[in-house]
Structure formats: C-alpha cells, structure tokens
Amino acid sequence: MKNEVQRVLKFRIYPTDSQKAILHQCFNASVEIYNKCLEMKKNDWDAKKKLYKESGSEDKFSKWLKDNDLSIMSVFETKREIKNWRKEFPWLEECASQLLHQAALHLDTAFKNFFRRHKAGEKPGFPKFKSKRDGKKSFAVDTAKINWDNSTLQLPKFPDDIKVKIHRKKLTINKKDIELEKAIKEGKAKTKTITVSINPSGEYHAAVNVTLAGKEPAKKKFGEKNTVGIDLGTTTFAVLSAVKGVRKKVGNPRHFKALHKKLAKEQRKMSRKKLGSENYKKQKIKVARIWQQISNSRNDFLHKTSHDIISDGKINAVALETLSIQGMQQSNKYLAMSISDASWFEFKKNMEYKAERRGKTIISIGRFEPTTMTCSVCDFKMEKKLNLSVRKWECP
C-alpha cells in the first residue's frame with residue numbers, strides 16, 4: 001500500500017483463569033528476554049567505555065556516541081542468543097518465539113532513542129532493566145488474529161481464543177467510514193502487531209495496530225479569523241480566545257482532588273497490612289483501581305475537550321503555548337499537584353493527533369514569548385513585570 005494510515009485500537013479482553021496463567025508466563029518471558037539482552041548490551045557498553053578510558057581517549061568515546069546511531073549489538077545477534085536461551089530454559093519454549101523477538105526489538109528501539117537523544121544534546125537516559133513485580137506488563141506478537149464476528153482474540157500457542165469486548169468495528173479516515181473486517185478481507189487493511197497488556201488494577205487489554213489504505217486530509221488554510229489561542233491554567237483548565245465574537249472557558253474538574261481522600265484512606269489500610277501477604281495484595285489492587293478511576297476520568301475529559309475544539313468547523317488552527325511543566329512543578333510546590341492533575345502535556349498530544357486527522361494545524365508558541373504582557377488588539381508590550389495575582393491590565 002503506497003498511501004497508508006496507521007491506527008491503534010485498544011480493546012478490553014477477558015481471559016479465563018487458565019488463560020491468565022499462560023498470559024503471565026508470556027509477560028515474564030518478555031521481561032526475561034528484555035533483561036538478558038540488556039545485560040549483554042550493557043556489558044558491551046561498559047567494555048567499550050572502559051577501553052576508551054584506559055587509552056586516555058574519552059573525547060573519541062564522546063565522538064563515537066555522536067556518530068553511532070545503532071545499538072551496540074545488532075538484532076540478529078540477540079535473536080541468535082534467544083535460540084540458545086530457549087534450549088537452556090525449557091519454559092521459554094512454551095511461549096511463541098515472536099514475542100521473545102519483539103522484546104529484543106523493543107530494546108533495540110530503546111538504544112536507538114538513547115543515541116538519538118545523545119546526538120541532540122538532550123538527557124540520554126540509558127535503557128533500564130524491567131521488573132517482574134511491576135503491575136503493568138505487556139508483550140507483542142505479529143501473527144495474532146481478531147475474530148470480529150465472535151469477538152475473540154487468537155494468540156499463538158494458546159489452546160483457546162480469548163474473549164474480547166469490541167467496542168469499535170469502524171474507522172473514519174478522511175471523512176470515509178471503513179468497516180475493519182471487510183477492509184481486512186479485501187486487503188485494504190491489515191493488522192501489524194497486537195500488544196497484550198495488564199495494568200496494576202488487574203485489567204487486561206489488547207492494543208491492535210491497524211494499517212489501512214488511505215491518507216490523512218490536506219492541511220486547511222488558516223488566518224486570524226479561524227485561528228483560536230488557548231491559555232492553559234489550573235483554576236480554569238483552558239481559556240479559548242474569541243472566534244467570531246464567542247469566547248469560551250473550560251472548567252478544571254480536578255480529578256485527583258475529587259478522589260484523594262478515598263485514595264488516602266485505602267493507602268492507610270494498605271500500610272497496615274503485612275508486606276507480601278494475601279491481604280496486602282488485595283488491598284494493593286483496591287488502591288490501583290482508584291488510581292485507574294482517576295486516570296480514566298482524566299483521559300475521558302481530555303479526549304472530549306480536545307475533540308470539541310478540533311471538531312469545531314469555525315476553527316482551522318489552534319495556538320498553544322510551549323510550557324516547561326517540570327520546571328513549573330519544581331519552582332512552585334504548592335501548585336505542583338494541580339499542574340500534574342491538569343495533565344497539559346497529554347492534552348497537547350491529543351490536540352496534535354486529532355488536528356492531523358482533520359487537516360488542521362497546531363501552532364506552538366515559544367516558551368519565552370511575552371504573550372501575557374502583549375495587548376491582543378494593538379500588540380503593545382508591557383515592560384513592567386506582572387505578578388500572578390494580576391489577571392487584567394489596561395493598555396495605555
């Protein structure tokens with residue numbers, strides 16, 4: 001397919017107890033392979049670093065980092081090692097080989113990102129080992145199939161199909177509705193990978209990566225009359241500039257604040273349980289479910305708000321300020337929780353991909369642009385510094 005569009009659909013799955021046992025074995029196998037490959041690559045990394053340091057050529061090591069855009073060991077070498085590990089550890093043979101190879105590919109991507117960030121002068125962030133005790137785990141396969149009629153998921157080396165709650169069977173690409181099952185049968189769409197995951201609250205999901213024939217709509221022309229500026233805040237989540245004489249404010253629901261008392265109560269109960277006991281594990285799931293409720297309600301609000309703005313026919317472009325969210329949280333500890341709860345970064349991500357799918361433009365305003373100090377009518381700039389308490393000022 002020359003013109004391709006990618007979409008990811010996330011479905012809730014309901015495995016039986018026997019299927020859960022196999023899924024957890026797959027999760028552990030994915031983590032095991034990832035960590036083993038990382039250990040090998042880290043040993044190579046440390047050996048090369050030590051070699052450069054001993055020869056007194058640390059500048060050459062820095063240059064090697066900038067010039068090298070690949071991971072230390074190739075994917076083919078790690079795949080060769082996976083074959084040996086499957087012979088050494090029989091329980092890995094019970095899992096599909098492709099999910100083990102996908103774990104190695106994910107690590108390879110992590111190293112590529114590490115070198116990319118180092119080249120760009122950003123904080124590199126060396127890949128870290130994964131923990132088997134983490135509540136969130138996942139594995140990916142590329143030969144899994146979804147039966148859209150029976151609402152089941154077929155995974156390799158699984159004796160039975162897993163029940164899936166399919167809430168979406170159609171996709172809209174460039175104002176055209178596409179039935180997924182029909183498009184897959186006709187060869188106009190295909191599933192690339194399916195990622196199965198579990199979150200800390202014990203819910204299982206399957207994320208289906210679908211590639212469809214088509215292309216995103218062309219960018220629409222925009223000007224002063226059909227461009228809206230958005231000012232994000234904590235008291236009011238967003239204030240939209242006037243479009244055709246109408247100004248809009250979006251309130252801040254404060255999702256964390258609404259449930260933080262209930263969360264604190266359940267966390268206190270968990271602290272009184274014996275660490276690692278069955279009661280502790282049950283209480284831990286209760287706490288995780290409250291966190292999941294906060295996350296779900298926040299994501300629902302962000303998606304609905306961004307959809308309402310982008311789907312407005314009067315708007316062709318949206319201007320958003322580039323904020324140093326981490327710096328704002330560190331500089332003001334009293335507002336840190338409110339800033340985190342507002343989730344401005346996630347909102348901007350939602351706006352960007354929704355705008356791309358509708359042919360609209362997101363304009364990023366520079367972090368140091370004096371937007372608050374500039375008059376919106378005559379572009380006069382206030383030289384005097386204003387405190388946060390000053391919400392309005394008159395243009396001279």
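If you're wondering where the values come from, they're calculated on a predicted model, not measured in any experiment.

Rules of the game
Throughout this document, residue positions are counted from 1 along each chain, in the order its sequence is written. Per-residue local features of the predicted model are confined to residues with pLDDT of at least 70, and side-chain atom pairs are confined, for both listing and counting, to 80 or more; whole-chain, interface and lining totals are unaffected and use all residues. As a rule here, side-chain values cover all heavy atoms of the structure and leave hydrogens and water aside. In this description a helix means any DSSP run of H or I spanning at least four residues, a strand means any run of E spanning at least two, and both kinds are numbered starting from the N terminus. Exposed residues in this analysis have more than 50% of their type's maximum accessible area, buried residues have under 20%, and partly exposed residues fall in between, with area computed by a 1.4 Å probe over protein chains only. Any two residues whose heavy atoms approach within 4.5 Å at even a single point are treated as in contact. Computed with a 1.4 Å probe, the accessible areas rest on the Shrake-Rupley method; for each residue, only the protein chains presented here act as cover. When charges are counted, neither His nor the chain ends are considered; positive counts come from Lys and Arg and negative counts from Asp and Glu. By convention, the point assigned to a charge is CZ for Arg, NZ for Lys, CD for Glu and CG for Asp. The rule for pairing is simple: two strands pair if DSSP sees at least two bridges between them. Pairs were defined over the aromatic rings of Phe, Tyr and Trp, the Trp ring being its six-membered one, requiring ring centres within 6.5 Å. Orientation was assigned from the angle between planes: stacked under 30 degrees, edge-to-face over 60, tilted for the rest. Confidence per residue, as judged by the predictor, is encoded in pLDDT with a range of 0 to 100. Between Lys or Arg on one side and Asp or Glu on the other, a salt bridge is scored when a side-chain nitrogen of the former is within 4 Å of a carboxyl oxygen of the latter. In this description, a nonpolar core means a group of buried Ala, Val, Leu, Ile, Met, Phe, Trp, Tyr and Cys residues linked to one another through side-chain atoms lying within 4.5 Å. Think of a patch as exposed residues, more than 30% relative accessible area, with no salt bridge, where like charges cluster within 9 Å and nonpolar side chains (Val, Leu, Ile, Met, Phe, Trp, Tyr) cluster within 5 Å.

Account for the overall build of the chain, with residues named and values stated.
What the chain contains, in helices and strands, is 11 helices and 14 strands. The principal-axis extents of the C-alpha atoms in the chain amount to approximately 80 × 65 × 60 Å. Residues counted as buried form 37% of the 396 residues belonging to the chain. Look at the contacts in the chain between residues 6 or more apart in sequence, and 67% of them connect residues 24 or more apart. In the structure as shown, the chain presents an accessible area of about 25,100 Å², 49% of it carried by carbon and sulfur atoms. Across the chain, the 85 positively charged side chains and the 45 negatively charged ones have centroids separated by 5 Å.

Summarise the pairing of strand β6 (residues 170-173); cite the residues concerned and give the values.
Of the two faces of β6, only one is covered, namely that formed by Leu171 and Ile173; the face formed by Lys170 and Thr172 stays uncovered. The hairpin turn running from β6 into strand β7 (residues 176-179), its antiparallel successor, is two residues long, and Asn174 in that turn takes a positive phi close to 55°.

An account of the packing of aromatic side chains is requested, with residue identities and associated values reported.
If you walk through the whole model with that rule in mind, you get eight aromatic pairs. Measuring from centroid to centroid gives 5.3 Å for Phe114 and Phe115, while their planes differ by 65°, and the two rings are edge-to-face. Residue Phe114 is classed as buried on the basis of its relative accessible area, which comes to 4%. Ring geometry for Phe256 versus Trp291: centroids 5.7 Å apart, planes at 25°, classification stacked.

Go over the confidence of the model for the chain with me, naming the residues and quoting the values.
This prediction gives the chain a mean pLDDT of 86; 92% of its residues lie at or above 70. No element of the chain has a lower mean pLDDT than helix α2 (residues 58-67), at 58, and none a higher one than strand β5 (residues 162-165), at 96.

Any details on the pattern of salt bridges? Residues and values, ideally.
One side chain can pair with another of opposite charge once the charged atoms of both are near each other. What the rule picks out here adds up to 13 salt bridges. One salt bridge in this structure joins Glu93 and Arg86, with 3.4 Å as the shortest N-O distance. When its relative accessible area of 37% is taken as the criterion, Glu93 is described as partly exposed. Put simply, Lys188 and Glu186 hold a salt bridge, and the shortest N to O gap is 3.6 Å. Since its relative accessible area comes to 45%, Glu186 is described here as partly exposed. Among the ionic contacts, a cluster of salt bridges with common partners joins Lys41, Asp108 and Lys112.

A description of the nonpolar core should follow, citing residues and the corresponding values.
Ranked by internal contacts, the top residues of the largest apolar core, which has 53 residues, are Leu23, Leu99, Phe139, Leu153 and Leu155. The element that contributes the greatest number of residues to this core is helix α1 (residues 17-54), accounting for 10 residues.

A description of a positive patch on the surface should follow, citing residues and the corresponding values.
Together, Lys265, Arg268, Arg272, Lys273, Lys282 and Lys286 make up a positively charged patch on the protein surface. Along the chain, Arg272 turns up in the loop between α7 (255-271) and α8 (278-310). On the basis of relative accessible area, Arg272 is assigned to the exposed category, the value being 65%.

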